[in-house]
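So you can see what is in the structure, the chains are spelled out below.
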Amino acid sequence: MSPAWLAGALDLGGDLLVVPLMLPVVGLLLGLGLGGRHLGRVALPLMVLGLAAALAVAAAVFKAGAPLHYALGGWAPPLGVSLKADGLSVVLLLTSALVVLAVGIYAQRPFGVAPGAVETRSSLAFWMLLLGVWSGLNTVALGQDLFTLFVALELLTFSAVPLVALDGRAETLAAALRYLLFALLGSVLYLLGAVLFYGTYGTLDIALLAAAIGGADAVPAPVLAAASLMTVGLLAKTALFPLHLWLPPAHAGAPPAASAVLSALVVKGSFFLILRIWFDLMPMLLTGMAAQILGALGVAAILYGGLLALRQARLKLLVAYSTLAQLGYLFLIFPLAATSDPAGSTDVVTGGMLHLVSHALAKAGMFLAAGLIAASLGQDQISALGGIARALPITVLAFGLGGLALMGLEPSGAYLAKSLLDGPAAASGQWWWGLAMQAGGLLTAAYLIRVFYHALAGFSHPPSLKSRPARYQELVALALALGALLLGLLPAELLGLVAIGRSGVELGGLP
Amino acid sequence: MSMALAVDAGLALLILGLGLWIIAVRSSFAAVVGFITYGLVLALVWVRLAAVDVAMTEAALGAGLTGVLLLGAAARLPAEAPGGGPSAGLRVLVAVLCALVAAALAAVVLSLPEPAPSLAPLVAENLPPTGVKNPVTGVLLAHRAIDTLLETVVLIPALIGVWALAADRAWGARPGALTPVPSSSALTLLAQVLPPFGILVGIHLVWAGADEPGGKFQGAAVLAAMWVLVVMAGLADLPKVTSRLMRYTLVLGPLVFVAIGLAGIWSAGAFLALPEGYAKPLIVTIEVVLTLSVALVLGLLLAGPPKERA
Amino acid sequence: MSGVTLFGLCGAALVGLGLYGLICHPGVLRKILAFNLIGSGVFLLFGVIAKRGGGALAAAGTGIDSDPIPQALVITGLVVAFAATAIAVALLLRLVEVGGRGTLEDQAPASNPPHQGPKP
């Protein structure tokens, strides 16, 4: 029995897609126009609405059992731009809405402006940039046109980069600049790829391009070049090894609320587009050497990120290197999906998306918790965390649960994801990917146990705290971590939602 | 070799030479000057490619405003220590790799399909319902309106990002990157005489852009340039970042665009659709309002983060 | 070899040049210039594709000499590139003000001083 608003939303059909697309944009514009100091308070109801919109789209797609399409302006591709909401879109919309809402609640304290007080630089900047990131993510989730997706990527980058340097120190400014330069290189390579696609087929619509490419006998050289360029560009934005240099200082240097969004969502946006290119646009790529290379780079990221995380002295940097490692898991989907049968490959994609969501929730929770710890102690050296578990039990619990979720403890999302990925790995005889996942799991456990050890040590001598976090901040971090941990309890039908729009990997035929 | 080909070859060589200059020259200042020249020659190339709208945008925005931005930056950089950067061996390696990339790209360009696929016929067919005669304007504001909308939205976080680089205590102040030049009679004269014409040119570009080459981005760039000139001559003050009026103007364009787009759901069946018969007036409205907002954003992006006046 | 193809090769060369500058120049301003160079090379390639697409139409005398869609996209791209340059320049100038340098030195994150942050 669906509530009235939901029933009404489901009736809208394709028009429904306009809501998540435009809601953050309108929030951004009205927010700037009507008064920066109200932004923090007004943003919260907006984010709740956004979550409702994402749920409505999910319900509509689930009910239809097929993706929703929408031609913007009434002009169908190739002339116009279309939107599509399939299982993958829905997952990204929901995850973004959830994490943005959580961060919005958490950030009331550091970036909120009391009624009557004057607008500050950091408060206006934070809320506007957060809304910008959210707009970019929703457009990435729904867009079907390569150029519209380019503009969405730029929106993401321009909103994310200034968040890194929000505290104005030279270190974070340098980190932001490095991030910007990598991201701009990524954008320009992506655009070059899009240009080559247009040059070969005269359209930028993903569905039309996929049909044209799938229908040809051999993939033309410009198209291969285009796919490689776009992938490399997006890898730079997703910080996959070896293009990862910018991520640790940037994510560790940003304010905790921003780090949460950066690690949980922003890097996933460019990854999402890699998924679109490899699974929707050119599935024949999956069978080739390139997919194996992506997988190998993923393994390198898992090992490199994990080993470096072990060596970090600072908590926030440890969490940032952990992001590098966890991103590596996502790239194992590519080699695994190719060599499975269509049902298996859908499982692989579902597993990948589950890992994406689980990491997003867990990492956001961990960054928020790490931020609270750092602020209370005045520093975030891991060796000096003694007694913090006694002083800030909820916060440390949040961090711990998030860590357990990352480690893949049942019933976390990561556990379910690994089980979905292990099946095809074993079935296709590519045992080395499974081995890499195990190694990664061990490293994750190692660096997190190190943190737990220090946090739990000196339990009888809690340190004196410079400031106490607000209770709601701790609870938000805890909620995120719990979300990641309990993700595996989702009913199987909901997992089927991810598969809507996936027709399985049909090699050599029309996708 | 025909005359046209000779001209094209000359332009191509000039472009390549300027590109090399920009990369290779020692002084940053010289590199920026080279870049401005490069932009202007590139505009000529665009004309040769029969893309006059793009040529105008490149000249005004790519060479003009970007040039001003980079010149200001070059003037504020500390003196560079010579050397630095990767070792000679690494440089050679990178150079070889880049040459390979360029060669691969060139090969790809040469292997693009003939006859070239094109959406031009489709655009031509679908231009009359939009009411405008300039196909680029039709594409920007009707067929692919979402890209234009998103792109105007993108400018706002970019501006916020620039403003966020202020010191905390400087928040209510005016942007400080365009320091007025100590009064120079030549500059003051220029700033008094040129803007009226510039503003007329900008307005004309927007108005005529519906049917002839031109449009809001070109017009906005010209208007922004005139404003910057006036500010640098010390004849006007930049608005404070907290200024209400400025913020309304900033968001007015995109909001009107979104509003018209949403209205399109009821009047024409889809978001950003234009109803029959009202298409051209709506497009012109959007263009005019957007020009205001975009000109303001472009100028403010040049103006930098707020700084306390000493 | 037509003029259009020449410009296409030019665009390819510019991308290569810009890539070299982006990777090898230590100064951030030069990196920004190099990025603009790559961008203009990509736009030029797009323009070449547009002109090729307009060729048949021009012969038919429709008055459209070049595919309008790439032109529109390049204009959008030029605006986005300007915004990117503006952010980069603003970051650079602030780094010069606060940190006294115009290059990105190699940061060793592990040796950073303890996190001294504002409230969370």
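Scoring rules and cut-offs
Residues numbered from 1 in each chain as written. Chains lettered and ligands numbered in written order. Predicted model: local features only at pLDDT ≥ 70, side-chain atom pairs only at ≥ 80, totals over all residues. Heavy atoms only, no water. Helix = DSSP H or I, 4+ residues; strand = E, 2+ residues; numbered from the N terminus. Buried < 20%, exposed > 50% of the residue type's maximum accessible area, 1.4 Å probe, protein only. Contact = heavy atoms within 4.5 Å. Areas by Shrake-Rupley, 256 points an atom, 1.4 Å probe, with all protein chains shown as cover. Rg over C-alpha atoms; globule rule 2.2 N^0.38 Å. Axes fitted to C-alpha atoms, helices over the stretch in contact; angles between N-to-C directions. Parallel < 35°, antiparallel > 145°, perpendicular 65-115°, else oblique. Left-handed = near helix turned anticlockwise from the far one by under 90°. Nonpolar A, V, L, I, M, F, W, Y, C, P; charged D, E, K, R; others polar. Buried area = accessible area lost by both parts, 1.4 Å probe. Salt bridge = Lys/Arg side-chain N within 4 Å of Asp/Glu carboxyl O. Disulfide = S-S within 2.5 Å. Phe/Tyr/Trp six-rings, centres within 6.5 Å; stacked < 30°, edge-to-face > 60°. Lys NZ or Arg CZ within 6 Å of the ring centre and 35° of its normal. Patch = residues over 30% accessible without salt bridge, like charges linked within 9 Å, V, L, I, M, F, W, Y side chains within 5 Å. Expected span 1.5 Å × (residues − 1). Pairing = 2+ DSSP bridges. Domains from an automatic or database assignment. Polar contact = N/O pair within 3.5 Å; in protein donor to acceptor, adjacent residues only side chain to side chain.

Quick look at the overall build of chain C
Line of reasoning, step 1. Along the backbone of chain C there are three helices and zero strands.
Line of reasoning, step 2. The order of helices and strands in chain C, counted from the N terminus, is α-α-α.
Line of reasoning, step 3. The buried share of chain C, taken over its 120 residues, is 70%.
Line of reasoning, step 4. For chain C, the proportion of contacts with a sequence separation of at least 24, taken over those separated by at least 6, is 54%.
Line of reasoning, step 5. Surface exposure of chain C reaches about 3300 Å², of which carbon and sulfur atoms provide 58%.

Re the overall build of chain A
Line of reasoning, step 1. Of the regular secondary structure elements, chain A holds 22 helices and two strands.
Line of reasoning, step 2. Against the compact-globule benchmark of 24 Å for 511 residues, chain A has a radius of gyration of 22 Å, which places it among compact chains.
Line of reasoning, step 3. For chain A, the spread of C-alpha atoms along the principal axes amounts to about 70 × 55 × 50 Å.
Line of reasoning, step 4. Here chain A, with 511 residues, has 69% of them falling under the buried criterion.
Line of reasoning, step 5. Taking the contacts inside chain A whose residues are at least 6 apart along the sequence as the reference set, 82% of them involve residues at least 24 apart.

Focus on the packing of helix α7 (residues 146-164) of chain A against helix α3 (residues 68-99) of chain C
Line of reasoning, step 1. It is the contact of α7(A) with α3(C), at a shortest axis distance of 11 Å, that shows an interaxial angle of 10°. Overall, the two elements α7(A) and α3(C) adopt an arrangement that is roughly parallel. The chirality of how α7(A) crosses α3(C) is left-handed. Here F147(A), V151(A), E154(A), F158(A) and V161(A) of α7(A) come into contact with α3(C), specifically with L73(C), T76(C), G77(C), V80(C), A83(C), A84(C), I87(C) and L91(C).
Line of reasoning, step 2. Per-class residue counts for the contact of α7(A) with α3(C) are 10 nonpolar, two polar and one charged.

A few points about the interface of chain A and chain C
Line of reasoning, step 1. Taken together, the contact pairs 44 residues of chain A with 44 residues of chain C.
Line of reasoning, step 2. Interface area, chain A with chain C, both sides summed: about 4000 Å², of which 79% is carbon and sulfur.
Line of reasoning, step 3. Of all residues in chain A, L177(A), L181(A) and Y198(A) give up the largest surface area on contact with chain C, accounting jointly for 15% of the area buried on that side.
Line of reasoning, step 4. The interface formed by chain A and chain C contains zero salt bridges.
Line of reasoning, step 5. For the side of chain A that touches chain C, the elements supplying multiple residues, two or more each, are α7, α8 (170-201), α14 (315-330) and α16 (342-377) of chain A.
Line of reasoning, step 6. Residues belonging to the side of chain A that touches chain C are distributed by class as follows: 29 nonpolar, eight polar and seven charged.

Observations regarding the state of the cysteines
Line of reasoning, step 1. A complete count under the given rule lists zero disulfides over all chains for this structure.
Line of reasoning, step 2. Among the cysteines around C98(B), which has no disulfide bond, C24(C) carries the closest sulfur, lying 6.9 Å off.
Line of reasoning, step 3. C10(C) forms no disulfide, and the closest cysteine sulfur to it belongs to C98(B), at a distance of 16 Å.
Line of reasoning, step 4. For C10(C), a relative accessible area of 3% gives the class buried.

Concerning the packing of aromatic side chains
Line of reasoning, step 1. In total, this model carries 15 aromatic pairs over all chains according to the counting rule given.
Line of reasoning, step 2. Ring geometry for F279(A) against F334(A): centres 5.8 Å apart, planes inclined by 40°, an arrangement best described as tilted. In this pair, F279(A) sits in helix α12 (residues 256-281) while F334(A) sits in helix α15 (residues 333-338), placing the two residues 55 residues apart along the sequence.
Line of reasoning, step 3. Following the ring pairs from residue to residue traces out a cluster consisting of F271(A), W278(A), F279(A), F331(A) and F334(A).
Line of reasoning, step 4. Just above the ring of F217(B) sits the side chain of K216(B); from NZ or CZ to the centre is 4.5 Å.

Some words on a nonpolar patch on the surface
Residues and elements named next belong to chain B.
Line of reasoning, step 1. There is a patch of nonpolar side chains on the surface, built from L90, V92, L93, V96, L97 and L100 and spanning about 550 Å² of accessible area.
Line of reasoning, step 2. By secondary structure assignment, the location of L93 is in helix α4 (residues 88-110).
Line of reasoning, step 3. For L93, a relative accessible area of 48% gives the class partly exposed.

A word on helix α13 (residues 289-310) of chain A
It helps to recall that an α-helix has 3.6 residues per turn; residues three or four apart then point in one direction.
Residues and elements named next belong to chain A.
Line of reasoning, step 1. With 22 residues, α13 should reach 32 Å at 1.5 Å per residue; the first-to-last C-alpha distance of 32 Å fits that figure.
Line of reasoning, step 2. Every buried residue of α13 is listed here: A291, L294, G295, G298, V299, A301, I302, G305, G306, L308 and A309.
Line of reasoning, step 3. In this fold, the buried residues of α13 make contact with α10 (221-238), α12, α14, α15 and α20 (431-456).

Brief notes about the interface of chain B and chain C
Buried accessible area, meaning the area lost when the parts come together, often serves as the stated size of an interface.
Line of reasoning, step 1. Counting residues at the interface gives 86 residues for chain B, matched by 72 residues for chain C.
Line of reasoning, step 2. When chain B packs against chain C, close to 6600 Å² is buried across both sides, 82% of that on carbon and sulfur atoms.
Line of reasoning, step 3. Among the residues of chain B in contact with chain C, I23(B), L49(B) and L165(B) are the three that bury the most area, contributing 11% of the side total.
Line of reasoning, step 4. Where chain B meets chain C, there are one salt bridge.
Line of reasoning, step 5. With a shortest N-O distance of 3.3 Å, E97(C) and K307(B) are connected by a salt bridge.

A few points about the packing of helix α1 (residues 3-24) of chain B against helix α1 (residues 3-24) of chain C
Line of reasoning, step 1. Where α1(B) meets α1(C), the axes come as close as 10 Å, and the angle between the chain directions of the two elements is 0°. Taken together, α1(B) and α1(C) sit at an angle that is classed as roughly parallel. Listed contacts from α1(C) to L5(B), D8(B), A9(B), L11(B), A12(B), I15(B), L16(B), G19(B), L20(B) and I23(B) of α1(B) are G3(C), L6(C), F7(C), C10(C), A13(C), L14(C), L17(C), G18(C), Y20(C) and G21(C).
Line of reasoning, step 2. Here the contact of α1(B) with α1(C) is built from residues that sort into 15 nonpolar, four polar and one charged.

Some remarks on the pairing of strand β2 (residues 82-85) of chain A
Residue and element names in this part refer to chain A.
Line of reasoning, step 1. Residues of β2 alternate between two faces, with S82 and K84 on one and L83 and A85 on the opposite face, all of them buried.
Line of reasoning, step 2. Looking at chain direction, strand β1 (residues 68-71) and β2 are connected through four bridges and run antiparallel. If you follow Y70 over to β2, its bridge partner there is L83.

Considerations on the domain arrangement of chain A
Residues and elements named next belong to chain A.
Line of reasoning, step 1. Domain assignment breaks chain A into domain 1 (1-134), domain 2 (143-285) and domain 3 (295-511).
Line of reasoning, step 2. The straight-line distance from the C-alpha centre of domain 1 to that of domain 3 is 25 Å.
Line of reasoning, step 3. Each side of the interface is counted separately: domain 1 has 19 residues, and domain 3 has 22 residues.
Line of reasoning, step 4. Area buried by domain 1 at its contact with domain 3 is led by L88, Y106 and R109, which between them contribute 35% of it.
Line of reasoning, step 5. Counting across the domain 1 and domain 3 interface gives zero salt bridges.
Line of reasoning, step 6. Linking domain 1 with domain 3 are six residue pairs in polar contact (both at pLDDT 80 or more), by the criterion used here.
Line of reasoning, step 7. Broken down by secondary-structure element, the contributors of at least two residues to the side of domain 1 that touches domain 3 are α3 (39-64), α4 (87-106) and α5 (108-111).
Line of reasoning, step 8. In terms of residue count, α4 provides more of the side of domain 1 that touches domain 3 than any other element does, nine residues in total.
Line of reasoning, step 9. In terms of residue class, the side of domain 1 that touches domain 3 is built from 13 nonpolar, four polar and two charged.

Some points on unusual backbone geometry
Glycine aside, negative phi is the norm for most residues, and most peptide bonds take the trans geometry.
Residues and elements named next belong to chain A.
Line of reasoning, step 1. The step from P77 to P78 runs through a cis peptide bond, and the omega angle for that step is 5°.
Line of reasoning, step 2. Positionally, P78 belongs in the loop between β1 and β2.
Line of reasoning, step 3. Residue F241 is joined to P242 through a cis peptide bond whose omega torsion reads 5°.
Line of reasoning, step 4. We note that A239 has phi near 60°; this positive angle belongs to a residue other than glycine.

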